[in-house]
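Inside the fold
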Amino acid sequence: MGSQTLQILRQGVWAALSGGWYYDPHQATFVNALHLYLWLFLLGLPFTLYMALPSSMIIVAVYCPVIAAVFVVLKMVNYRLHRALDAGEIVDRTANDFTDQRAKAEQGNCSTRRKDSNGPSDPGGGIEMSEFIREATPPVGCSSRNSYAGLDPSNQIGSGSSRLGTAATIKGDTDTAKTSDDISLSLGQSSSLCKEESEEQGKFSSTLYETGGCDMSLVNFEPAARRASNICDTDSHVSSSTSVRFYPHDVLSLPQIRLNRLLTIDTDLLEQQDIDLSPDLAATYGPTEEAAQKVKHYYRFWILPQLWIGINFDRLTLLALFDRNREILENVLAVILAILVAFLGSILLIQGFFRDIWVFQFCLVIASCQYSLLKSVQPDSSSPRHGHNRIIAYSRPVYFCLCCGLIWLLDYGSRNLTATKFKLYGITFTNPLVFISARDLVIVFTLCFPIVFFIGLLPQVNTFVMYLCEQLDIHIFGGNATTSLLAALYSFICSIVAVALLYGLCYGALKDSWDGQHIPVLFSIFCGLLVAVSYHLSRQSSDPSVLFSLVQSRIFPKMEEKNPEDPLAEVKDPLPEKLRNSVSERLQSDLVVCIVIGVLYFAIHVSTVFTVLQPALKYVLYTLVGFVGFVTHYVLPQVRKQLPWHCFSHPLLKTVEYNQYEVRNAATMMWFEKLHVWLLFVEKNIIYPLIVLNELSSSAEAIASPKKLDTELGALMITIAGLKLLRSSFSSPTYQYVTVIFTVLFFKFDYAAFSETMLLDLFFMSILFNKLWELLYKLQFVYTYIAPWQITWGSAFHAFAQPFAVPHSAMLFIQAAVSAFFSTPLNPFLGSAIFITSYVRPVKFWERDYNTKRVDHSNTRLASQLDRNPGSDDNNLNSIFYEHLTRSLQHSLCGDLLLGRWGNYGTGDCFILASDYLNALVHLIEIGNGLVTFQLRGLEFRGTYCQQREVEAITEGVEEDEGFCCCEPGHIPHMLSFNAAFSQRWLAWEVIVTKYILEGYSITDNSAASMLQVFDLRKVLTTYYVKGIIYYVTTSSKLEEWLANETMQEGLRLCADRNYVDVDPTFNPNIDEDYDHRLAGISRESFCVIYLSWIEYCSSRRAKPLDVDKDSSLVTLCYGLCVLGRRALGTASHHMSSNLESFLYGLHALFKGDFRISSIRDEWIFADMELLRKVVVPGIRMSIKLHQDHFTSPDEYDDPTVLYEAIVSHEKNLVIAHEGDPAWRSAVLANSPSLLALRHVMDDGTNEYKIIMLNRRYLSFRVIKVNKECVRGLWAGQQQELVFLRNRNPERGSIQNAKQALRNMINSSCDQPIGYPIFVSPLTTSYSDSHEQLKDILGGPISLGNIRNFIVSTWHRLRKGCGAGCNSGGNIEDSDTGGGTSCTGNNATTANDPHSNVSQGSTGNPGQGSGIGLHPPVTSYPPPLGTSHSSHSVQSGLVRQSPARASVASQSSYCYSSRHSSLRMSATGFVPCRRSSTSQISLRNLPSSIQSRLSMVNQMEPSSQSGLACVQHGLPSSSSSSQSIPACKHHTLVGFLATEGGQGSATDTQPGNTLSPANNSHARKGEVIYRVQIVDPGQILEGINLSKRKELQWPDEGIRLKAGRNSWKDWSPQEGMEGHVIHRWVPCSRDPGTRSHIDKAVLLVQIDDKYVTVIETGVLELGAEV
C-alpha cells in the first residue's frame, strides 16, 4: 500500500504538476539525470532570456530557434533509434576487441549478412522482443514497455568463431543484467532463401498494441517476402514459422538451445539431423574461459549511408527516456506545437502581461507544456483509458496555445473597440472593462495549469472538440447530442450551412420596407423555409455513417460484394439494411413533408394573421401551449407512473397488462396513449411553430433596428434564434412549455423593461433553463447521496469523509453551479460524500467506442474450438440475450417513448430495465424528431451480492408498507404510507412502469447429466440419434446421388452383406438398442429388426419412394451411416460411453460438429462430406430435442407418423445449433421462434452440461428512471479512481451497494475494464417508423411511392365496393377476401386474425434444408408469442395416451402445427378458414364413454347446428367412417377428449375478452362442462389464491380473490358437495394458463356462488353437465 501511494505521488501528483517529469527509482541514473536537466533547461531558458535581455522581439528571435533545434534533434534521434531497434542490426564487441576490423569484415561477408536481421536462430524474421528481469517490478506506467534485442547475424551455430551473446545490458541500481528464458512461439510461415545484402532496409510501421494497459510497441510485423530475402542459409535449420522470441541475456546451455529450437514445432526440424551435437558447437561452449568472456551487443545507428555508430541501448530504456512517436506526422506536430508554445509564451512575456513571481510561474507552465511533448504524464488525470495514451501528450500545449491566443485577442479587443455598442439585458458587451476582465480571468486560468491538469478539469483534445461542437450545436442551433467526433463536426457544419442559407433571405427581407400592417413577402418565404429546414434537421441523425452507407449502396452497389469463400458469407446481419431503409424512407418522406410544411406556413404567415389578430393571438397561443404542455408532459406521465406523485400506491391509468401475471401478446394500445400521441403531435407540429412565427413577425423589425442589433447582426440573431427554437421544439418538447410560460410571465408582467423582444428572450431563457434543469438534477443527486438517514459507508474513508464534507457545503453548491454551467459530471471522490468536478464530457460520456465482441467460432481459431472451447463462460454465452434485447429496443423504443410508456425523457437520460434475469441500463444519447439513439449495457445474470441487493430494491413493492414514523397505523386505501412516501422522495431513481412489454426470449435450462444419468435414457437418446440420421438421409435431395456413388458403394461393400456385423468395442449393449448379444456387435440383421420399419416409413414419405427391402442399397447406406455416427460418438467419448462424464463430453463434441473419423471402415464418408454436415450433425442435434420430448410422452414416438411429423415440425419452428456457431447468433437476431443448444459451462470451477431452450415470447420489464447526473457522476468517479488513482481493490468502497443511488449497478455498467458488463451495445438508432402501433395512429411515412400506392389501392377498393354493391347480398369485405365464408351467420373469426393462426404442417418432401433449423421459415401468420410450440404433441388437443386416438388426429380435418398445436378456439368457436369445410371426424376409434356422451349431447341439442365453424385445412379427412361428427360438434368432442385424455383444450382468448365469473359457465354454447363431487376435503387448496409465490395462473382475477378461505368466511366445502369444473391445471403443461404447480391436476370447481380449488384425486367425476 505504501509503495503504491508513493508511486501515485510520483507518477500522478508530481508528474501532473511538472508536466511529466518525476524521479523514477526503477530507472538508471542516466535517465533520471537527463530528464532533470532537460526540464531545468526548458524552465530556465525563457526565464533567463526574459531577465537578461530587454523585452523585445530579440527574446522571441533567440528562444524559438533554440527550442526548434532542441526538439528537432531529440525527436529525430528518438525516431531513428526506434527504427534502429526495429531493424535489429546488432554488432558484437568483446571486451578485448574495440576496433572496427570486425565490423569491416562483417560488411564484406555478404553471404552471411542481412541488413534487417533478427538473429540466426530466428531465420524467419518477423516478431522479436526481449524481456528483462529486474530486481523490482517496474511501475505501472512502464510495465508495458519491453526491451527489444536480437542476436548477431554473424553468429553461426556450428562455427568455432560464433558465440551466442547477451542482449543489451541495462544499468540499474546495481548495474547488473539479469537473464530471461528464451521462448519461441510459432506464428506463421516463411521461406529459407539466402540472398546478398543488396535489398534496402524496409520501412517499419506497426500499430500500438495494448494488452491490459501494456504498450507492445516493440512488436515488429515484417512482410514475409522481405524476411525471406534477408535470411542466410548458415544455420543448421531454417524454421518454417514466424516466431516470437525472448532472447537470453547470458550464454545459454546446450539443452536450452535444443529446447528453444524444438519449441518452434517445425516438421523439418524433426526430420533433419540435430547438428547441435557437433564438436564445433561443443567446443564453442565448452571452455569456461570463453563463456566468462563477456560479449556486448550494440545496435547500428546509421549517420550517413556508409557510416554508422554502435548504440549500447535497449528498447525499455529508450521508452523510459522519451515517448515514442510512431509516425513522422506525430513528430512534426510535436515540433510545431513546441515552437508555437515558445512563440506565444515569449510574445506574452515581452508584452508585460506577467510581473514579479508570475513570470517564473508562467515559465513553469511553458516548460510543463513543452516537456509533455517529450515525456507525457501517463496516466493523466483526464485520461479515459489504461496504459499509454498517445493523445493526452498534446493536451497541455494545445490548451496553452488556445489560452494565449485568447489572451492576446481579448487584449487587442479592449484596445481597439469600435464606436458601435452591443448591449443585451443592460450589459454592454463592447465595454473595454468586460474585455479586460475576461483577459485577466484567462491569464489566471493559464497560470493555474499545473493545478488544473492535476485535478483533471480539461479533457484530451479530441474529447474537447467533440464537446465544444456538441454544446454549440445544442444551445445555439437547437441540435441534438452527437455520437462521435465525426458526427459532432458533421452536425455542426450542417447547422452552419443551414444558417448561412437562411441568413440571406432574412437579411434581404429586413432590408425591405416594414410597417405595422405589412410584412414583406420575402420574410414570409423565410419563415416557411425556416420551419421546413428546422423540421428536416430535427429528423436527421447526427451520425452520417448510415447516410454515407445508403449513398454508397445506391451509387456503388457492387462494392458490397462478399467473398464467396468467407465462412460468414451466409450469416448476414439484417440491422444495417434495416437502418438504411429507415433513413431512405425518412428522406423520401421529408422531401414531401418539407415542401408541404414550407408552403403551408408560408401561406399562414403571408395571410397577415400574425398582424391583424394581435395581441389576442399570442395570449391564446401562450394559454394553449401551457395547457397542452401541462397535460401532456406532467399530468399524463404522473397518473401513468407506478406511484403517482409518490402518494398513490398504483397507477391511476392502468394498462391491460398491469394485472396479468404472464403476458402473451404485445402491449395493448390504450386510449390515453393515443391521446398522448395526438397531444404531442399538435404541440410540436402546430402550436410551437405558430408561437415562433408569431414572435418572428412581432420582433424582427425591433431586433434589426439600429437601436438594437442593426440589420446585419439582427438578421443573424433572428435566423439563429428561430432555428434553435424550432429544432428544439421538434426534437424534444418535453420541457419547452415551462420555458415559454416562465418567459412570458417574467418578461411580460414582472420585468417588462428588461425584455429584448420575446424572440431573444425565449432564445436565451431556453439556454438558461437547460442549465437550471441540470443543476436541479445535480442537487437532487447530492442530497440523495449524502442524506444522513441513508448513509451507506463502503469503507473507513467514507466514514471519515462524511463529517469532513459538512463544513464545505457552500463550496459544494458552487461546484454544482459551475459544473452545471459547463455540463461536467459532479463525482463523489472514491465514492464518498466529498464531491469534485470532473472534466467536460459530451452526452455520450465515454470517449472510447467500446462494444462487446462475443466470442464464437467466427473469431476464434479452429484448434481452440476443438480443444479449449473458448467463450464457454456464462457471461459470454448470455450476452446474446442482451444483443437481442437491443434489437428489440431498436424496433420499438422510439415508438414506445412517443406513446409515453417510459414517461418523460430527455437527452442523456438513463433507464434500467429489470426482468427475472435481465438487468440492463439504457442510456438515451440523441433524441430527435422520430428517432432515438441509445446504448444498452447488460449486467451479469448472476451478479454480486451488492448487485442483488440493489436489484431487490428496484423490484420490491412498497404498497404494503404501513409505517408512520416509528409505528405502523396502516395507510389509506390506494395510498402509500407516510414512511413509503417519504423514502420514495429520497431516491435517485423511480419506478416508471412495472409492466413494460418487450419481445425477448424465455430461457429454460435443464441439466443434461440428470437427463442421461441412467443407461435407459442414454439408450433412448442413441435410438433417436439413429432415427434422426435415417430421417435426414432419406429426406435429402442428394439421396439418389449418394446411392449411385461408386466410391461409397465400394466403401459400404462389406456392410451390404446380410451376415455383416460390426464388433467395434465402442458399441455397448446398455445404450445401443440394436446390439446383437450373440455376435457381440451391431449386425445388419439386428439393425433391420429395430429400424427397418422406420426406414420404410421415411421412404414412403418421399415424392419418389425407393426400394427399402433388407438388401437394398438404401438400407445399406443407412446402416453404414448409423454405425459411423455411433462410432464417432464413442470416439469423442474416449470409448468410455458407460461413464456419464465421458458420454456428455462426446455428445457435446458431436453437437458442435467435432466429428473425428478414426476407423478405416468409415473413410468412405469422405466421398461426400455433405453426409456429415447435412445428415449426421442434424441427427445428433435433433436427437436431443426428441429425447427431451420423451419425458413428456414416453410412448408417443413409437408411432412413425407422430415421430416423422415431430421432426418436420421441429425443423420448421426450432433452430438447433451450438452457441458458438455464428448461425446461433444469426437465428436469435432473426427472431426465430424457438432455439435449442447443448451448453458446456466451465466457469468458477464448475464443469457441467446444460440443455438450453429458448422460446420467443413477450417479456415483462420494470422500467426504472435513474437521475442522469447520478449516473454521470458515478461513472466519472470510477474512471478517475481506477485509471488515475489505480485502485485495484475488487472490494473497494465505491462499488459497494447504495440502494438510494444504485451505486453498484451503475458502476458495474461502466466500460471494461473499469466496469464489468457482459454486453455493451454499439450506439443504436431507433426510428418511430418501425413501430406498428404508432403507425396505426399517425400513419406511415409519407412519400411519393406511398401516395401512389394509396391512390391505387383506394381506387381498387372503390371498384370492388361498386361491384359488390351490384350483387345481391354482397359486401366489400366478401369481395376483398374473394367471397364470403360458408360459416352460418357470417360471424366467425376470419383467418387473417393473427391471434387465431397456427403453423401449417409440411406437405411434400421435408427435411431438405441445409441444416436443422438454421434457416427458420418466414411465415405470413406466425403463431402467437408466449406459447411454446416445441413442447406440445400432435395429439395434445385431441388424444394423449391411446394409439387408437392417434388415428382420429391424423384423419381429422382440424389444422394443427405438426405436433405442437392443440385446437385453438376464439370466443366464438373454432378458427375458420377461407373455404367451406364439410369434413367430419371419425367416431370409429373413439372410446365408448365418449361415444355415449356425444350421442347424449346430440339428442339434447339437435338445433345447435347454427354454430357451425369452418376449420383450416389439415390432413385429408376420412369420409369412409361408419359414424361421423358434424363440424358444429367439434368443440363438444374436444371437451370430451380433454376430460378423457387428461388435458383440456387450449384456447386463445383475445385480450380484453375475459369472461366474468357469472357468465363463465355459459361462455361457449355447446361446450361440455362436467360435474364433480368432493370425496376428500383434505385435498382442497384453501389458501392457494393468496400465495405470494403465485404458483397458478388464474383465468380471472376476480375468481382468484373468491377461490379461498378469505372469501368463504363461515362457509367451507364438505364431502359430498357437487359443482361443475370451470378451469383445469395440468402438470407439465406448456401453456402457463393451464400449468399445475404440482405433479397432479388441479381443478377449479364452482359450487353455487363459491369457488373451490381442489386436487383432481380428491373429487369424483359425475359426467357432463347437460
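Residues numbered from 1 in each chain as written. Predicted model: local features only at pLDDT ≥ 70, side-chain atom pairs only at ≥ 80, totals over all residues. Heavy atoms only, no water.

**Some details on the overall build of the protein**
What the protein contains, in helices and strands, is 52 helices and 32 strands. Across the 1666 residues that make up the protein, the buried fraction comes to 55%. Accessible surface, the protein as shown: approximately 71200 Å² in total, 60% of it carbon and sulfur. (Helix = DSSP H or I, 4+ residues; strand = E, 2+ residues; numbered from the N terminus. Buried < 20%, exposed > 50% of the residue type's maximum accessible area, 1.4 Å probe, protein only. Areas by Shrake-Rupley, 256 points an atom, 1.4 Å probe, with all protein chains shown as cover.)

**Observations concerning the side chain of Thr446**
Along the chain, Thr446 falls in helix α14 (residues 432-447). Taking the relative accessible area as the measure of exposure, Thr446 reaches 0% and is therefore buried. Ignoring sequence-local partners within four residues, the contact set of Thr446 consists of Phe362, Val365, Phe400, Cys403 and Ile407. (Contact = heavy atoms within 4.5 Å.)

**Notes on the confidence of the model for the protein**
Of all residues in the protein, 72% have pLDDT values of 70 or greater, and the mean over the chain is 75. Long-range and interchain partners of residues 95-292, a stretch whose pLDDT sits below 50, account for 392 contacts in this model, where long-range means more than four residues apart. (pLDDT = per-residue confidence, 0-100.)

**Some points on the pairing of strand β21 (residues 1246-1266)**
In terms of burial, β21 is a largely internal element, 17 of the 21 residues being buried. Pairing between strand β16 (residues 989-1007) and β21: 16 bridges, direction antiparallel. Its bridge partner lying in β21, Ile997 is registered against Ser1260. (Pairing = 2+ DSSP bridges.)

**Quick word on helix α30 (residues 874-898)**
Helix length check: α30, at 25 residues, gives a terminal C-alpha distance of 36 Å against a target of 36 Å (1.5 Å per residue), a fit within 8%. Along α30, the sharpest kink reaches roughly 50 degrees, centred on Ser892. Once α30 finishes, Gly900 follows within two positions and takes phi at roughly 80 degrees, a positive value. (Expected span 1.5 Å × (residues − 1). Bend = angle between axes of the 7 residues up to and from the residue.)

**Overview of the pairing of strand β14 (residues 919-928)**
Of all 10 residues in β14, 10 are buried; the element is thus mostly enclosed. In this sheet, β14 lies alongside strand β13 (residues 910-914) in antiparallel orientation, the contact comprising five bridges. Within β14, the position partnered with Phe911 by the bridge is Val922. Once β13 ends, the chain turns through four residues before running back antiparallel as β14. Bridge count for β14 against strand β15 (residues 931-938) is eight bridges, and the pairing is antiparallel. By the bridge assignment, Val922 is partnered in β15 with Leu936.

**Observations concerning the packing of helix α18 (residues 521-538) against helix α20 (residues 574-606)**
Relative to each other, α18 and α20 sit at 150 degrees, their axes nearing to 8 Å. Taken together, the axes of α18 and α20 are roughly antiparallel relative to one another. Both α18 and α20 take part in a crossing whose hand is right-handed. Side by side, α18 and α20 meet where Val521, Phe523, Ser524, Ile525, Cys527, Gly528, Val531, Ala532, Tyr535 and His536 of the first sit next to Leu587, Asp590, Val593, Cys594, Ile597, Gly598, Tyr601, Phe602, His605 and Val606 of the second. Residues belonging to the contact of α18 with α20 are distributed by class as follows: 14 nonpolar, five polar and one charged. (Axes fitted to C-alpha atoms, helices over the stretch in contact; angles between N-to-C directions. Parallel < 35°, antiparallel > 145°, perpendicular 65-115°, else oblique. Left-handed = near helix turned anticlockwise from the far one by under 90°. Nonpolar A, V, L, I, M, F, W, Y, C, P; charged D, E, K, R; others polar.)

**As for the packing of helix α2 (residues 29-52) against helix α3 (residues 57-87)**
Their axes nearest at 10 Å, the elements α2 and α3 cross at an angle of 165 degrees. If you check the angle between α2 and α3, you find them roughly antiparallel. Of the two possible hands of crossing, α2 and α3 adopt the one that is right-handed. Packed against α2, whose contacting residues are Leu38, Phe41, Leu42, Leu45, Pro46, Leu49 and Tyr50, the element α3 presents Ile59, Val62, Tyr63, Val66, Ile67, Val70, Phe71 and Leu74 at the interface. Taken together, the residues that form the contact of α2 with α3 break down as 15 nonpolar, no polar and no charged.

**Examining the pattern of salt bridges**
All chains considered together, the criterion is met by 52 salt bridges. Glu1656 serves as the salt-bridge partner of Arg1624, at 2.7 Å between the closest nitrogen and oxygen. Note that Arg1624 is positioned in strand β29 (residues 1618-1625) and Glu1656 in the loop between β31 (1650-1655) and β32 (1659-1665), a separation of 32 residues in sequence. Residue classification places Glu1656 among the partly exposed positions, given a relative accessible area of 29%. For Lys1650, the salt bridge is made with Asp1649, and the minimal N-O distance between the two is 3.1 Å. Residue Asp1649 is classed as exposed on the basis of its relative accessible area, which comes to 53%. Overlapping salt bridges bring together Asp1062, Asp1064, Arg1127, Arg1161 and Asp1162 as one network. (Salt bridge = Lys/Arg side-chain N within 4 Å of Asp/Glu carboxyl O.)

**Focus on helix α25 (residues 736-750)**
Three- or four-residue spacings in an α-helix give side chains the same orientation, since the helix completes a turn every 3.6 residues. Across its 15 residues, α25 extends 20 Å between first and last C-alpha, which sits within 8% of the 21 Å expected from 1.5 Å per residue. Listed as buried for α25 are Gln736, Tyr737, Thr739, Val740, Thr743, Val744 and Phe747. An end-on view of α25 places all buried positions within 160 degrees of arc, on one side of the element. Counted as exposed and oriented over 90 degrees from the buried face of α25: Phe749 and Asp750. Turning to α25, the residues buried within the fold contact α22 (616-640), α23 (671-703), α24 (710-731) and α26 (758-786). (Arc of directions from axis to C-beta.)

**Observations concerning the state of the cysteines**
Summed over all chains, the structure comprises zero disulfides. With no disulfide partner, Cys403 has as its closest neighbouring cysteine sulfur the one in Cys404, 7.0 Å distant. Its relative accessible area of 10% is what places Cys403 among the buried residues. (Disulfide = S-S within 2.5 Å.)

**Structural notes on a negative patch on the surface**
The grouping of Glu960, Asp961, Glu962 and Glu968 at the surface amounts to a negative patch. Position of Glu960 relative to the elements: it lies in the loop between α31 (945-955) and α32 (978-984). On the basis of relative accessible area, Glu960 is assigned to the exposed category, the value being 67%. (Patch = residues over 30% accessible without salt bridge, like charges linked within 9 Å, V, L, I, M, F, W, Y side chains within 5 Å. Lys, Arg positive; Asp, Glu negative; His and termini not counted. Charge placed at Lys NZ, Arg CZ, Asp CG, Glu CD.)

**Digging into unusual backbone geometry**
Note the cis peptide between Gln378 and Pro379, where omega equals -5 degrees. By the secondary structure assignment, Pro379 is in the loop between α12 (357-371) and α13 (395-415). Residue Pro1313 follows Gln1312 across a cis peptide bond; omega there is 5 degrees. The residue Pro1313 is located in the loop between α44 (1303-1308) and β22 (1319-1320) in this model.

**As for a nonpolar patch on the surface**
Taken together, Leu591, Ile595, Val599, Ile1342, Leu1344, Ile1347, Phe1350 and Ile1351 make up a surface patch of nonpolar side chains, about 810 Å² in accessible area. Counting only elements with at least two residues in the nonpolar patch, the list comes to α20 and α46 (1344-1366). If you tally residues by element for the nonpolar patch, the top one is α46, at four residues. Here Phe1350 shows up in helix α46. A residue is classified by how much of its surface remains accessible, and Phe1350, at 57% relative accessible area, is exposed.

**So, the packing of aromatic side chains**
The final tally for this structure, using the stated rule, is 60 aromatic pairs. Relative to Phe769, the ring of Phe742 has its centre 5.1 Å away and its plane inclined at 65 degrees; by these criteria the two rings are edge-to-face. Of this pair, Phe742 sits in helix α25 while Phe769 sits in helix α26, and the two are 27 residues apart along the sequence. Note on Tyr882 and Phe941: the rings are 5.9 Å apart at their centroids and 75 degrees apart in plane angle, and the pair reads as edge-to-face. Of the two residues, Tyr882 sits in helix α30 while Phe941 sits in the loop between β15 and α31, which places them 59 residues apart along the sequence. Accessibility assignment for this pair places Tyr882 and Phe941 in one class, buried. Through pairs of rings, three or more aromatic residues link up here, namely Tyr425, Phe742, Phe746, Phe747, Tyr751, Phe754, Phe763, Phe764 and Phe769. Lying across the ring of Tyr839, Arg841 places its NZ or CZ 3.8 Å from the centre. (Phe/Tyr/Trp six-rings, centres within 6.5 Å; stacked < 30°, edge-to-face > 60°. Lys NZ or Arg CZ within 6 Å of the ring centre and 35° of its normal.)

**What about the nonpolar core?**
Leu889, Trp902, Leu924, Phe1087 and Leu1121 are the most contacted members of the largest nonpolar core, which totals 126 residues. Among the elements that take part in this core, helix α38 (residues 1113-1132) stands out by supplying 12 residues, more than any other. The contacts of Trp902, once residues within four sequence positions are left out, are Leu889, Leu893, Asp896, Leu897, Phe911, Leu913, Val922, Ile992, Tyr996 and Val1263. Core analysis: the next-biggest nonpolar cluster, separate from the first, contains 64 residues, Val60, Phe354, Val365 and Phe453 among them. (Core = buried A, V, L, I, M, F, W, Y, C linked by side-chain atoms within 4.5 Å.)

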